[in-house]
Amino acid sequence: MSVNVNHSVSDQFYHYKMPRLIAKVEGKGNGIKTVIVNLIDVAKALHWTPICKKTC
């Protein structure tokens with residue numbers, strides 16, 4: 001997978017920083033799943049549209 005990071009930056013020491021993922025485990029047994037709590041912030045930082053099954 002490749003991510004389009006701002007290529008217009010001419011600073012040779014520029015380092016892209018994405019927000020740290022905050023994950024939460026929900027459910028028990030066979031219905032266990034991992035939820036990314038700050039999905040919207042991460043998607044905005046990557047210039048992606050968040051896709052949510054629940055409300056975002």
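Nothing here was measured: the structure is a model prediction, and the numbers come from that model.

## Some remarks on the overall build of the protein
When you go through the protein residue by residue, the secondary structure sums to one helix and two strands. Beginning at the N terminus, the succession of helices and strands in the protein can be written as β-β-α. In the protein, which comprises 56 residues, the share counted as buried stands at 7%. Long-range pairs, those at least 24 residues apart, make up 22% of the contacts in the protein with a sequence separation of at least 6. A total accessible area of about 5,400 Å² is found for the protein, and carbon and sulfur atoms account for 56% of it.

## Here we look at the pairing of strand 1 (residues 23-26)
When strand 1 meets strand 2 (residues 33-36), the two strands line up antiparallel, connected through four bridges. Residue pairing in the sheet places Glu26 in a bridge with Lys33 of strand 2. A loop of six residues connects strand 1 with strand 2, the two strands running antiparallel in sequence, and Gly27 in this loop sits at a positive phi of about 90°.

Reading the values: rules and limits
- Residues numbered from 1 in each chain as written.
- Predicted model: local features only at pLDDT ≥ 70, side-chain atom pairs only at ≥ 80, totals over all residues.
- Heavy atoms only, no water.
- Helix = DSSP H or I, 4+ residues; strand = E, 2+ residues; numbered from the N terminus.
- Buried < 20%, exposed > 50% of the residue type's maximum accessible area, 1.4 Å probe, protein only.
- Contact = heavy atoms within 4.5 Å.
- Areas by Shrake-Rupley, 256 points an atom, 1.4 Å probe, with all protein chains shown as cover.
- Pairing = 2+ DSSP bridges.

The values are spatial; any link to function lies outside them.
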